[in-house]
Each structure stands twice: as structure tokens, then as C-alpha cells.
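# Examining the three-dimensional arrangement
Here is what each chain is made of, one letter per residue.
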Amino acid sequence: MIVTLIVICEVGFWVLLAGGLALRYVARMPRAGAAVLLMEPLLEVVLLVVTAIDLKNGAEPDWKHGLAAVYVGFTLVMGHRTIKWIDARVSHRYFGGAAPVAPPKYGMARAVNEWKIAGRWVLAAAIALGLLQSAIWYVGGDGDIGSLRTWQYRMLVLAGINVVIAGAYTLFPKKAPAGAASVGAERPGSSTKL
């Protein structure tokens, strides 16, 4: 049931996103579009409540409960950026909006950008870790919490990888080729949601 709800929440995210953008640009109703986009966090609340109810009703904590906590953490942090990223591109490509600004590709400006990306991933992992720890405390010593602990380790590794990437750009900044502009493409996954 939890996995099905996660899939429903992910599909719901994209449906609300498409609906909000359609209202904003096609129907020329920006306030209605914003209202639809603001309903996105309700999906995470529903998932969190259903997961807590499932555990309260005696379900043995497993990978599905851990995945729900991770999904909520990453959607809370990355969801807004994903919406802004897609909104800027839809506006530019189809409705004559300003071109999206590409992040810096070289030097310390790139390092600063990588630290911002790492900060978002670390925050998402911290939220997931907190939700996982809450589930562990909620279940108590009587339940098998091994799968929840496994998700916690995965979140620590993911946060660590992002910090290492940002640190590498700080210690070894990428140099621009002669005559190159200081803008470029984003690192894959830099503003996408999990």
C-alpha cells in the first residue's frame, strides 16, 4: 500500500505541476495556477500520515516505510526548485518568457553553485534522517528497525557524496578555456526531484 501511495504522490506531483502551468500560461490565470501549485505539499502530508497510520496499526517497518520518509524529505526540499526550473523553461520556450540563466561553469563561482546544490541535498537527507529516526523511536525496541537504519546510512552516504563533489570544485576549480564565457550547463540532477 505504501509503495502504491508513493507512486500516486509522484504522479500527483506531475499532474498538479502540469495543471498549474496550464492554468498559469494557457488559461492566463496565474493566481489559479499558483493555487494549484501550492497544493503540492499536501501530497507529502498525506503520505506521511498514511505511513504513520500503517506503523501504528502494527505493520512491521520495512524498506517501504523508509522509502516514504526519503521521498517526503527530498520532495520537500527539491520540489519547489523543480517547479521553478520547469516553470522558467516552459515560460521561455512556449510563451516568450526570459531565457533561464545558466549557472556558472568555471572557477569559484561554480564551486559556490556546487555548495548550494550540496546544501539542498544535505537538507533533504537531514529531513529524511529525521523522519526515519522518528519512525525508529515510534516503533521502539520491539520492532525490526534494520531496514529503517539502512535508509539512514544511505542518506548519510548521499549527503557525503554531494559534499565531496562540492569540495572537489572548491579545491580544484575548473578553469575556463581561453575566451569561454563563465556560464554553462547544470550538473545533472542539480535541480531535479527524487
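Rules used in this analysis
Residue numbering note: each chain is counted from 1, following its sequence as written. Owing to the predicted nature of the model, reporting of local features is limited to residues with pLDDT of at least 70; listing and counting of side-chain atom pairs is limited to 80 or more, with chain, interface and lining totals taken over all residues. Values reported for side chains reflect all heavy atoms of the structure, with hydrogen atoms and water molecules removed beforehand. Secondary structure follows DSSP: runs of H or I at least 4 residues long count as helices, runs of E at least 2 residues long count as strands, and numbering of each begins at the N terminus. Classification of residues uses two cut-offs on accessible area relative to the type maximum, computed with a 1.4 Å probe and protein chains only: under 20% is buried, over 50% is exposed, and between them is partly exposed. Contacts are assigned to residue pairs with any non-hydrogen atoms lying within 4.5 Å of each other. Residue exposure ignores everything except the shown protein chains as possible cover, and the areas themselves are Shrake-Rupley values with a 1.4 Å probe. In this charge count, Lys and Arg are treated as positive and Asp and Glu as negative; neither His nor the chain ends contribute. A charge is said to be at NZ when it belongs to Lys, at CZ for Arg, at CG for Asp and at CD for Glu. Take the number of residues in a helix, subtract one, and multiply by 1.5 Å to get its expected span.

Attention now goes to the overall build of the chain. Helices and strands together make up the secondary structure of the chain, namely six helices and zero strands. In sequence order, the chain lays out its α and β elements as α-α-α-α-α-α. Along the first, second and third principal axes, the C-alpha atoms of the chain reach 65 × 50 × 20 Å. Counting the 194 residues in the chain, one finds 38% classified as buried. For the chain, the share of sequence-separated contacts (at least 6 apart) that also reach a separation of at least 24 residues comes to 78%. When the accessible surface of the chain is totalled, it reaches about 10800 Å², and 70% of it is carbon and sulfur. Counting 19 positive and 11 negative side-chain charges, the chain places the centres of these two groups 16 Å from one another.

Attention now moves to helix 1 (residues 2-26). Here helix 1 spans 35 Å end to end across 25 residues, near enough to the 36 Å set by a 1.5 Å rise per residue. The set of residues buried in helix 1 consists of Ile2, Leu5, Ile6, Cys9, Gly12, Phe13, Leu16, Leu17, Gly20, Leu21 and Tyr25. Arginine 28, located one to two residues past helix 1, shows a positive phi value of around 55 degrees.

Interpretation in functional terms is not warranted from these geometric data alone.
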